[in-house]
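# Analysis of the macromolecular model
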Amino acid sequence: MPICSRFKWRLLPFIATVLVVALGIELGQWQTRRGDEKQAIAVKLAQREAAAPIVLGAALQPAAALEYRRVRISGSFASAWTVYLDNRPHGSAAGFYVLTPMRIDASDTYVLVARGWTPRDESNRSKLPALKTPPGEITIEGAVRLRPGHLMQLGQQTPLQPGAILQNLDVMDLAAASKLKLQPFIVEQSNDIGDGLVHDWPQPSLGIEMHRGYAFQWYALAAMAVLFFVFTGFRRGKK
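My aim in this report is to walk through the structure given alongside it, one point at a time. Values in this document were obtained by computation on a predicted structure and should not be read as measured data. (Residues numbered from 1 in each chain as written. Predicted model: local features only at pLDDT ≥ 70, side-chain atom pairs only at ≥ 80, totals over all residues. Heavy atoms only, no water.)

### As for helix H2 (residues 11-50)
With 40 residues, H2 should cover 58 Å at 1.5 Å per step; its first-to-last C-alpha distance of 59 Å lies within 8% of that length. Residues Thr17, Val21, Gly24, Gly28, Gln31, Gly35, Lys38, Leu45 and Arg48 constitute the buried set of H2. (Helix = DSSP H or I, 4+ residues; strand = E, 2+ residues; numbered from the N terminus. Expected span 1.5 Å × (residues − 1). Buried < 20%, exposed > 50% of the residue type's maximum accessible area, 1.4 Å probe, protein only.)

This is how it looks when you write it as structure tokens:
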């Protein structure tokens, strides 16, 4: 008996299969493109981090042009406007990221420096850590980031003020509150200046493997829809 005679074709299951296959292929291709875009970003990140540090001056710089670049800054910390980002663990320990504006040498321009991580007082969450802030002019090196990471905001944000413990921070909001002329990005400090802070920064999560996995799932859905249509067609034909 010819194979075609054993297959029972129906219009509605065929239309449903075509729609599922089209959807699976389209979404699979979209996830593939997103993965390729993230891969290009990863290559760009590696190239920028491997380049020689740029000396950051007083002129305001576009944030996107410097993202992931290593920079060198000479200046002094405006320690009065140090703020703390809460819920930033290091390993299994709870702690803060310490952020302090730094006045760039011989200018009125500042850059917000993520100086490092410090543990939190386990018995008193609101107690600020004792910091060693070097006085006078120093030189730091670090990598430019657009923002210091974002966490889900629970409850009302603490008002921006010196010594504030915050969940999230926008550089321009700090510029408005402090009246400081800030570069529109932060610098994650990498060199040790004897302040006792940890400079082990997490790498940006690009999610490349996630997009590859989602693409495989959507392509698999399209393939399963075809197999299911063929299987049920032969099953109906046998009956």
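### Things to note about unusual backbone geometry
Residues other than glycine predominantly adopt negative phi, and peptide bonds predominantly adopt the trans conformation. Residue Asn87 is not a glycine yet carries a positive backbone phi of 60°. Within the secondary structure, Asn87 is located in the loop between strand S3 (83-85) and strand S4 (95-104). A positive phi angle is found at Ala106, which is not glycine, with a value near 60°. Of note, Ala106 is situated in the loop between S4 and strand S5 (109-119). Ala106 gets classed as exposed once you look at its relative accessible area, which sits at 73%.

### With respect to the environment of Gln203
Mapped onto the elements of the fold, Gln203 is located in the loop between strand S8 (181-189) and helix H5 (208-238). Residues contacting Gln203, with those up to four places away along its chain left out, are Leu45 and Glu49. (Contact = heavy atoms within 4.5 Å.)

### Regarding the layout of surface pockets
The volume enclosed by the largest pocket comes to roughly 410 Å³. Lining the largest pocket are 20 residues, and of these Arg147, Pro148, Gly149, Glu188 and Pro202 sit closest to its centre. The class makeup of the residues in the lining of the largest pocket is 11 nonpolar, four polar and five charged. (1 Å grid on protein atoms, 1.4 Å probe; cavity = no way out; pocket = protein on both sides within 12 Å on 5 of 7 lines; lining within 4 Å. Points joined across faces, edges and corners; volume = space filled by probe spheres on them. Nonpolar A, V, L, I, M, F, W, Y, C, P; charged D, E, K, R; others polar.)

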